[in-house]
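Each chain, written out:
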Amino acid sequence: MSDAPPVSAGDGGPDRPPIWSRPERGSRGPAPAHSRDAIVVAAVALADAEGLAAVSMRAVASALGTGAGSLYRYLSSRDDLLDLMTDRVIGELRPYPQAEGDWLDTMVLLGRRQLALFGAHPWLLDVFHRASGVGPESLAWFDNCIRVLEPLPCAVTAKFEAIAMMTGVVSLFARREAAAGAGALNFAGVDLAAYPHLVAAFGQPPVPAPRADLVERTLRSLLTGLLLAGAG
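Within every chain, residues take consecutive numbers counted from 1 along the sequence as written. pLDDT decides what is reported in this predicted model: residues at 70 or higher carry local features, side-chain atom pairs at 80 or more are listed and counted, and totals for whole chains, interfaces and linings draw on all residues regardless. The basis for every side-chain value is the complete set of non-hydrogen atoms in the structure, without hydrogens or water.

**Section: the overall build of the protein chain**
Put simply, the rule reads: Helix numbers and strand numbers start at the N terminus; a helix is a DSSP run of H or I with at least 4 residues, a strand a run of E with at least 2. Between buried and exposed lies partly exposed: a residue is buried under 20% and exposed over 50% of the maximum accessible area for its type, with that area taken using a 1.4 Å probe on protein chains only. Working rule for contacts: check all heavy atoms of both residues, and any pair within 4.5 Å makes them a contact. All accessible-area figures derive from a Shrake-Rupley calculation using a 1.4 Å probe, and residue coverage is judged against the displayed protein chains alone.
If you tally the helices and strands in the protein chain, you get 9 helices and 0 strands. Secondary structure elements of the protein chain occur, N-terminal to C-terminal, as α-α-α-α-α-α-α-α-α. Within the protein chain, buried positions represent 35% of all 232 residues. Contacts in the protein chain between residues far apart in sequence, at least 24 positions, make up 74% of those at least 6 positions apart. Accessible area of the protein chain: about 13,500 Å², with a carbon and sulfur share of 59%.

Okay, here's the thing in structure tokens:
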């Protein structure tokens, strides 16, 4: 059996209003047995436990003890569900840190919170970039970042770019952590004679580890480079 909803003339298409601006449920049918929020909570729990591929309207309905068809009274498609799931977990970034100290320290803290969020919900890496998933919590987080950066005299476009780049870099770190169990590079049985620069690099004496970890050093370098370069 298909997991798609029945098609009707009023379902709309690409121009359909985003899920955030639509009523929580349709006006037709019996009284609601579940709330939209309960559906999203069940979907997030399923994604956390089994991965994003396990999240279907049928599977979420089963977790709620109902039929898949009943969920279409609240949502038009799985895409709606993914958008709601994305925005809900981004809400876990609250409460935002106060920007009373150094703006760079605050932004690095926000970046670390993003990294922790990706660690708690690995499936978020596959959906957070969807344009349709930019909901109220996503906008609130972005608004907070702009608040933190208000003291800087650089152009607002530079601030937008810095926030976007920070999120992109954090997602790369999250993917690296998720793949950490795949194993390190293994050169066993490889003749490195053809790669003299690698041989020389491996032969360098060890140096003390930097006080700040790679995440912090990267975020600080990225943000200062984008936001302070050329500042008078």
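**Here's the deal with the confidence of the model for the protein chain**
Here is the rule: For every residue, the predictor assigns a confidence score, pLDDT, that lies between 0 and 100.
The predicted model of the protein chain averages 85 in pLDDT, with 83% of residues at 70 or higher. Predicted confidence is poor over residues 1–12, with pLDDT under 50, and the contacts of this stretch with residues over four places away or in other chains come to 13 contacts.

**Here's the deal with the packing of helix α7 (residues 156–178) against helix α9 (residues 214–228)**
Note the cut-off: Every axis corresponds to a line fitted to the C-alpha atoms, with the helix fit spanning only the stretch in contact, and the corresponding angles, defined between N-to-C directions, vary from 0 to 180 degrees. In these notes the angle categories are as follows: under 35 degrees is roughly parallel, over 145 is roughly antiparallel, 65 to 115 is roughly perpendicular, and the rest is oblique. Working rule for handedness: look at the near helix, and if it is turned counterclockwise from the far one by less than a right angle, call the crossing left-handed; if clockwise, right-handed. Classes in brief: Ala, Val, Leu, Ile, Met, Phe, Trp, Tyr, Cys and Pro nonpolar; Asp, Glu, Lys and Arg charged; the others, Gly included, polar.
Their axes nearest at 10 Å, the elements α7 and α9 cross at an angle of 160°. As far as their axial angle goes, α9 and α7 are roughly antiparallel. Like other packed secondary-structure pairs, α7 and α9 cross with a definite hand, here right-handed. Only Leu214, Val215, Thr218, Leu219, Leu222, Leu223, Leu226 and Leu227 of α9 make contact with α7, whose side of the interface consists of Ala158, Lys159, Ala162, Met165, Met166, Val169, Val170, Phe173 and Arg176. Each residue belonging to the contact of α7 with α9 can be placed in one class, and the counts come to 14 nonpolar, 1 polar and 2 charged.

**Here's the deal with α9**
Every α-helix winds through 3.6 residues per turn, so residues three or four apart in the chain are directed the same way. Applicable threshold: Working rule for helices: expected span equals 1.5 Å times residues minus one. As used here, the arc belongs to the directions running from the helix axis to the C-beta atoms.
Counted at 1.5 Å a residue, the expected span for α9 with its 15 residues is 21 Å, and the 20 Å between its end C-alpha atoms agrees. Among all positions of α9, only Val215, Leu219, Leu222, Leu223 and Leu227 are buried. Buried residues along α9 cover an arc of 100° about the axis, so they all sit on one side.

**Some thoughts on unusual backbone geometry**
In this model, Arg94 is joined to Pro95 through a cis peptide bond whose omega is -5°. Tracing the chain through its elements places Pro95 in the loop between α4 (78–90) and α5 (103–120).

**Remarks on the pattern of salt bridges**
Applicable threshold: Between Lys or Arg on one side and Asp or Glu on the other, a salt bridge is scored when a side-chain nitrogen of the former is within 4 Å of a carboxyl oxygen of the latter.
Within the structure shown, the criterion is met by 10 salt bridges. Where Arg88 meets Asp37, a salt bridge forms, and the shortest distance between an N and an O atom there is 2.4 Å. In this pair, Arg88 sits in helix α4 while Asp37 sits in helix α1 (residues 36–50), placing the two residues 51 residues apart along the sequence. By relative accessible area, Arg88 is classed as partly exposed at 37%. The exposure class assigned to Asp37 is partly exposed, which follows from its relative accessible area of 42%. A salt bridge links Asp83 to Arg130, with the nearest nitrogen and oxygen atoms 2.9 Å apart. Taken together, the residues Asp83 in helix α4 and Arg130 in the loop between α5 and α6 (136–148) connect sequence positions 47 residues apart. No difference in accessibility class separates Asp83 from Arg130, as the two residues are buried. A network of salt bridges, in which partner residues are shared, links Asp105, Arg112, Asp213, Glu216 and Arg220.

**A few points about α6**
Along its 13 residues, α6 runs 18 Å from first to last C-alpha, staying within 8% of the 18 Å computed at 1.5 Å per residue. The complete set of buried residues in α6 reads Ser138, Ala140, Trp141, Asn144, Cys145 and Val148. When α6 is viewed along its axis, its buried side chains cluster within an angular range of 165° and face the same direction. Away from its buried face, by an angle of more than 90 degrees, α6 presents the exposed residues Leu139 and Asp143. Buried residues along α6 sit against α4, α5 and α7.

**Section: the nonpolar core**
Stated formally: Residues grouped as a nonpolar core are buried Ala, Val, Leu, Ile, Met, Phe, Trp, Tyr and Cys residues, joined through side-chain atoms within 4.5 Å.
Within the largest apolar cluster, 59 residues are counted, with the highest numbers of intra-cluster contacts made by Val60, Leu81, Met85, Trp103, Met107, Trp123 and Leu227. With sequence-adjacent residues up to four places away left out, Val60 is seen in contact with Ile39, Ala42, Ala43, Leu46, Val55, Leu71 and Leu81.

**Re the environment of Gln114**
Mapped onto the secondary structure, Gln114 falls in helix α5. Separated by 52 residues in sequence, Gln114 and Met166 have C-alpha atoms that sit 9.6 Å apart. Look past the residues within four positions of Gln114 in its chain and what remains in contact with it is Leu93, Trp141, Met166, Thr167 and Val170.

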